[in-house]
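A look at the structure
The chain contents come next:
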Amino acid sequence: MISKSITNYIIFNLILFITFSISVNSFVSIENINVISYIIFHISFIYFIFYFYHFSLFFISFFYGVLFDIFLLNSVGAHLIIFLILTLLFIFFRKYLLLMSSYQIGILIYFVLIFIFFFEFILAYFLNNIFFNLFEFGKYTVISLIIFIPTIFFLNKFNK
């Protein structure tokens, strides 16, 4: 009875909440846990936007964008703008995106992930004067490459 009431929508929101909570927590001694959780959040968020169309996506994008900005950057800006633009683009191009094969969707999600990191770094620099170096962007890219396929596989298991 309980398993019928838990939908994919609720499970994906729980995944977003848990990964968000871990990524904004400050495990100073094991910083890579925060980075991995931050990357998994972004992969799950893109996947969630791609496969679940619902009006609440704008609320979720706004909510997590503001919270990431407050907890990580101490001012509202980069995450909020990127999340809302991403949601609008995916909803606007939804009928074209659904024509893609699963391989093309996987590649699209990965490249969108990398572009999100790049533009978050750029916006954080221009809006908040937060400096990121090329090494940090490379670190996010390499970790993303390593955990991307297992994360997509895990998310596909819940989506079925």
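Scroll up to find the structure.
Below, the structure is looked at part by part. (Residues numbered from 1 in each chain as written. Predicted model: local features only at pLDDT ≥ 70, side-chain atom pairs only at ≥ 80, totals over all residues. Heavy atoms only, no water.)

1. Some words on helix α2 (residues 8-24)
- Here α2 is 17 residues long and its end C-alpha atoms lie 24 Å apart, about the 24 Å a rise of 1.5 Å per residue gives.
- Against the buried residues of α2 lie α3 (31-51), α4 (56-73) and α8 (134-159). (Helix = DSSP H or I, 4+ residues; strand = E, 2+ residues; numbered from the N terminus. Expected span 1.5 Å × (residues − 1). Contact = heavy atoms within 4.5 Å.)

2. Structural notes on the environment of S75
- Its location among the elements puts S75 in the loop between α4 and α5 (78-92).
- Owing to a relative accessible area of 25%, S75 belongs among the partly exposed residues under this scheme.
- A sequence separation of 52 residues divides S75 from L127, and the C-alpha atoms of the two residues are 9.0 Å apart.
- Ignoring sequence-local partners within four residues, the contact set of S75 consists of D69, I70 and N128. (Buried < 20%, exposed > 50% of the residue type's maximum accessible area, 1.4 Å probe, protein only.)

3. Some points on α4
- The end-to-end C-alpha separation of α4 is 25 Å, in line with the 26 Å expected for 18 residues at 1.5 Å each.
- Where α4 is buried, its residues touch α2, α3, α5 and α7 (102-128).
- Where α4 ends, the next residue or the one after it, N74, has phi of about 65°, a positive value.

4. Quick word on the packing of aromatic side chains
- Tallied over the full model, the rule gives 34 aromatic pairs.
- On the basis of an interplanar angle of 80° and a centroid distance of 5.9 Å, the ring pair of F50 and F90 is categorised as edge-to-face. One end of the pair, F50, is in helix α3; the other, F90, is in helix α5, and 40 residues separate them in sequence.
- Classification of F50 by relative accessible area gives buried; the value is 2%.
- With a centroid separation of 5.2 Å and an interplanar angle of 70°, the aromatic rings of F63 and Y64 are classed as edge-to-face.
- Look at F63 and you get partly exposed, because its relative accessible area is 37%.
- Among the residues examined, Y64 registers a relative accessible area of 5% and is labelled buried. (Phe/Tyr/Trp six-rings, centres within 6.5 Å; stacked < 30°, edge-to-face > 60°.)

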